[in-house]
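Now for the letters of each chain:
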Amino acid sequence: MNLLQSQSAILWGQVGGLAAVQAAITLTWMIYRIYVPQLLAAFGFPGLELVVSILEDALAVAIEPVMGGLSDKQRQWMGSRFPLISLGMILSSALFIAIPAVFIFGKPYQVFRWLLPVMLVAWALAMAVFRAPAISLIGQYAVKTKLPQAMSVLILTGGLAGAARPIASNFILSLGPAITFTIGSLVLLGAVAVLRSQKPDMAVAETPINPTTNQPLSIPLLGLIAVTGMSVACGTRLMLGEIFPKVLETQLVGTDVKLLMVGIAIALAFASLPAGIVATRAGNQRVTIAGLVVAAFLLLALVFAQGAGTVCFLIIALISSYSLVANGTIPFALSLVPPHRGGLGVGVYFGGFSLAMSLYGLIFGGVLGISLVQAAIIGAIAFLLAGACIATSTLKDFRV
């Protein structure tokens, strides 16, 4: 397959196609998370969604780096990552529409009882097949200094796709699993068609058409990528899942917390655009570290804040600082690996992210709870650890 190069600093058409894939990933995961408890309960597995989620994240820890690395090999052999991406998306689409089929037609038969949890896990694994290879394409579509700006488009579309979950859950459930999962399946197929139409194998002139393996791969740097993914995942989960909702509920009494969380999600999505411009001009690593450090201290300040005005100011500041982090982590991962190993770098980051989510479910998902202050302390430590990893990666002695 022939690759073409462009003199443009950012290939906006290809970035747009990749943004469609990001939106499809977010939308289908949203549908999946909304329906899984209901489907499992109807099949006689109430509460099993936590176990399924932990298992999915645990398996993704290994699958994400493997598939990312496999896409690197495929690009060297065939000149393209797209065959693996399209295969994963088509498989995910087929499994996604098979989930309600098993639920509807298998429910009366006891022999099919365990088929539903297996199908749910299989779909999640199919999604893990193409995520790292797909997102790593962003490394081909922008020069290194412009990567945060290109990444901001993916954050925008993904953020907008997932923003409506707090208020759209009842509507989505009212459609029924057959209609909803069919829509999700078609969205996945549509996204892969959009990406295909944008010539996904194109690359900016900075990216070699025929990547070589001369540049060595650093295992310590891969470790930093993994720990960064774990730390960002932990801090993000605590900030959005624990701290924001609880602070809004206690400090803004009488307000609709779900609606406010939708507003925060939309603000985070749009904040990615100016954040990408800032990172492009000031340097991604420097800006990402600053975002992590500021976010860490703002989390601590937020849980002790009193008064609606102070809380609103701190949340706006957190949105601004965290947007720098959301934009910067994938470009950071790509910067630590050779150009021909971008899929592995992104896969290792996603693997670390999944490991943190799996451990979070094991530790806090059951009977154990976490107080607001504890959540802020752990979240702040996680963000500072991620910042330390990025700072360490810039040391010349560490890169040797």
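Further up the page is the structure itself.
A brief report on the enclosed structure follows. All of these numbers come straight from a predicted model, not from anything done at the bench.

## A short note on the overall build of the chain
Secondary structure assignment for the chain yields 15 helices and 2 strands. Against the 2.2 N^0.38 benchmark of 21 Å for 400 residues, the chain shows a C-alpha radius of gyration of 21 Å, consistent with a compact globule. Here the C-alpha coordinates of the chain stretch approximately 55 × 55 × 35 Å along the principal axes. Each of the 400 residues in the chain was classed as buried or not, and the buried ones make up 53%. In the chain, 86% of the contacts between residues at least 6 apart in sequence involve partners at least 24 apart. When the accessible surface of the chain is summed, it comes to about 16600 Å², and 70% of that surface belongs to carbon and sulfur atoms. Mean positive and mean negative side-chain charge positions of the chain (20 and 11 charges, respectively) differ by 7 Å.

## Considerations on the packing of aromatic side chains
The description of two aromatic rings rests on the distance between their centres and on the angle between their planes. Counting across every chain of the model gives 11 aromatic pairs. Ring centres of Phe45 and Trp114 lie 4.6 Å apart, and the angle between their planes is 55°; this geometry places the pair in the tilted category. You can see Phe45 sitting in the loop between helix H1 (12–42) and helix H2 (49–78) and its partner Trp114 sitting in the loop between helix H3 (82–106) and helix H4 (115–135), a full 69 residues away along the chain. Three or more aromatic residues joined by ring pairs make a cluster, and in this case those are Trp29, Tyr32, Tyr35, Phe96, Trp123 and Phe181. Over the ring of Phe350 we find Arg131, and its NZ or CZ is 3.9 Å from the ring centre.

## Observations regarding the side chain of Ser93
Tracing the chain through its elements places Ser93 in helix H3. The contact partners of Ser93, leaving out residues within four places of it in the chain, are Ser185, Leu188 and Leu189.

## Looking at a nonpolar patch on the surface
Taken together, the side chains of Leu160, Ile266, Phe270 and Leu273 present a nonpolar region at the surface, about 310 Å² in accessible area. Among the structural elements, Leu273 can be located in helix H10 (residues 257–282).

## Here we look at the pattern of salt bridges
Per the stated rule, a full pass over the model turns up 5 salt bridges. The shortest N-O distance in the salt bridge between Arg81 and Asp72 comes to 2.6 Å. Given the relative accessible area of 2%, Arg81 is considered buried. We classify Asp72 as buried; its relative accessible area is 0%. Here Asp72 and Arg341 are joined by a salt bridge, their closest N and O atoms 3.6 Å apart. Residue Asp72 is located in helix H2, and its partner Arg341 is located in the loop between helix H12 (308–335) and helix H13 (342–364); the two are separated by 269 residues in the primary sequence. Of the two residues, Asp72 and Arg341, both sit in the buried class. One connected set of salt bridges, linked through shared partners, spans Asp72, Arg81 and Arg341.

## Description of the packing of H1 against helix H7 (residues 165–175)
Relative to each other, H1 and H7 sit at 60°, their axes nearing to 10 Å. Between H1 and H7, the crossing angle belongs to the class labelled oblique. Viewed along their axes, H1 and H7 form a crossing whose handedness is right-handed. Judged by residue contacts, Met30, Arg33, Ile34, Tyr35 and Gln38 of H1 engage Arg165, Ser169, Ile172, Leu173 and Leu175 from H7. Split by residue class, the contact of H1 with H7 holds 6 nonpolar, 2 polar and 2 charged.

## Points about H7
Of the residues making up H7, those classed as buried are Ala168, Ser169 and Ile172. Angularly, the buried residues of H7 cover 135° about the axis, an arc narrow enough to put them on a single face. Exposed side chains of H7 directed beyond 90 degrees from the buried face belong to Asn170, Phe171 and Ser174. In this structure, the buried side of H7 is in contact with H1 and helix H8 (177–197). Of the residues trailing H7, Gly176 is marked for its positive phi of about 90°.

Thresholds applied
Numbering of residues starts from 1 in every chain and runs along the sequence as written. Reporting of local features is limited, given that this is a predicted model, to residues whose pLDDT is at least 70; pairs of side-chain atoms are given and counted only at 80 or more, and all residues count toward the totals for whole chains, interfaces and linings. Note that water and hydrogens are dropped before the side-chain values are worked out from all heavy atoms of the structure. In this text, helices come from DSSP runs of H or I with a minimum length of four residues, and strands from runs of E with a minimum of two, each type numbered from the N-terminal end. Atoms counted for the radius of gyration: C-alpha only. Globule rule: 2.2 Å times the number of residues to the power 0.38. Throughout this description, buried means an accessible area under 20% of the type-specific maximum (1.4 Å probe, protein chains only), exposed means over 50%, and partly exposed covers the range between. Whether two residues are in contact is decided by their heavy atoms, any of which lying within 4.5 Å being enough. Per-residue and other accessible areas follow the Shrake-Rupley method at a 1.4 Å probe size, with only the shown protein chains counted as cover for residues. Charged residues are defined narrowly, with Lys and Arg counted positive, Asp and Glu counted negative, and His plus the chain ends left uncounted. Charged side chains are reduced to one point each, which is NZ for Lys, CZ for Arg, CG for Asp and CD for Glu. Side-chain rings of Phe, Tyr and Trp, where Trp is taken by its six-membered ring, are said to pair if the distance between their centres is within 6.5 Å; with planes under 30 degrees apart they count as stacked, over 60 as edge-to-face, and otherwise as tilted. For a ring to carry a charge above it, either NZ of a lysine or CZ of an arginine must fall within 6 Å of the ring centroid while also lying within 35 degrees of the normal to the ring plane. What makes a patch is a set of residues exposed beyond 30% relative accessible area and free of salt bridges, joined within 9 Å when like-charged and within 5 Å when nonpolar (Val, Leu, Ile, Met, Phe, Trp, Tyr). By definition, a salt bridge exists where a carboxyl oxygen of Asp or Glu is found within 4 Å of a side-chain nitrogen of Lys or Arg. Axis lines are fitted through C-alpha atoms, for helices just across the contact stretch, and the angle between N-to-C directions can take any value from 0 to 180 degrees. Any angle between 65 and 115 degrees counts as roughly perpendicular, while under 35 counts as roughly parallel, over 145 as roughly antiparallel, and the rest as oblique. Whether a crossing is left-handed or right-handed is set by the direction in which the near helix is turned from the far one by less than a right angle, anticlockwise for left-handed and clockwise for right-handed. Amino acids outside the nonpolar list (Ala, Val, Leu, Ile, Met, Phe, Trp, Tyr, Cys, Pro) and the charged list (Asp, Glu, Lys, Arg) are all regarded as polar, and Gly is one of them. Arc definition: directions from the helix axis to the C-beta atoms.

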